[in-house]
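Descriptive structure summary
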Amino acid sequence: YTVLTSSAASDVYKRQWMVFMMRPNSPTAAPPEIAQLMEDYNAAWNAHDADALEALVTDDYRIYGPAAAGFDHDIESVRSYLMPLLDDWDWQVTEPGPMYAVNTSGYTWAVTGEGSTITRNGSDHEQNSVWTVVAPGETYLVREHYMVGG
């Protein structure tokens, strides 16, 4: 995996802040297709199933965490590095929390999840996330996932 530079990390957090500030007041604002995608996405992570996850993301998918942790993975790194760790940690999204969605342009959506509970090694951790969801064809896919906490 790669380490985010301070400039890249700054861009990530600017986007996260923008999405949190733009969110609608209703957690049901996402179209049903996006709500289902996010449910399937969380299920793939909970199953620690890289194949299921890969079916839900774009070819250029990235998942980022706090810049201080240097957390930046593509789907191959998720498969070879993260998924085995999740098994060892007994990692699960135990409560996804409310999700909000904002259409940012055409078939691009910014989706936020606030107050999710992640269980790792028997301890609960709160996490907020921002996803970029796109529809390059007829199907919505996750292109980016930014995590804060967890």
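**Here we look at unusual backbone geometry**
- For His-48, which is not a glycine, the phi torsion comes out positive at approximately 55 degrees.
- Turning to its location among the elements, His-48 is positioned in the loop between helix H2 (32-47) and helix H3 (50-54).

**Points about the pairing of strand E4 (residues 99-105)**
- Bridge analysis of E4 against strand E5 (residues 108-120) gives six bridges, and the strand direction is antiparallel. Each residue of the ladder has a partner; that of Ser-105, found in E5, is Thr-108.
- With antiparallel pairing between neighbouring strands as the criterion, E4 and E5 make up a hairpin whose turn holds two residues, including Gly-106 at a positive phi of roughly 55 degrees.

**Description of the confidence of the model for the protein chain**
- When pLDDT is averaged across the protein chain, the result is 80; 77% of the residues are at 70 or more.
- Taken element by element, the protein chain is modelled with least confidence in helix H1 (residues 6-22), mean pLDDT 52, and with most confidence in H3, mean pLDDT 96.

**Thoughts on the packing of aromatic side chains**
- Applying the stated criterion to the full structure yields five aromatic pairs.
- Taken together, the ring pairs connect Tyr-41, Trp-45, Tyr-61, Trp-91 and Trp-131 into an aromatic cluster.

**Thoughts on the side chain of His-145**
- For His-145, the location among the structural elements is in strand E7 (residues 141-149).
- Side chain to side chain, His-145 and Trp-131 meet in a polar contact 3.2 Å long.

Analysis parameters
Within each chain, residues carry numbers counting from 1 in the order of the written sequence. The predicted origin of the model limits local features to residues at a pLDDT of at least 70 and limits the giving and counting of side-chain atom pairs to 80 or more, whereas totals for whole chains, interfaces and linings rest on all residues. In computing side-chain properties, one takes all heavy atoms of the structure into account and sets aside hydrogens as well as water. Counting from the N terminus, the helices are DSSP H or I runs at least four residues long and the strands are E runs at least two residues long. Here, a strand pair is defined by DSSP locating no fewer than two bridges between the strands. The pLDDT value expresses, per residue, how confident the predictor is, ranging between 0 and 100. Any two rings among Phe, Tyr and Trp, with Trp reduced to its six-membered ring, count as a pair given centres within 6.5 Å; such a pair is stacked if its planes are under 30 degrees apart, edge-to-face if over 60, and tilted if neither. Here a polar contact is taken to be a pair of N or O atoms separated by no more than 3.5 Å, where protein atoms must pair a possible hydrogen donor with a possible acceptor and residues adjacent in sequence count only if both atoms sit in side chains.

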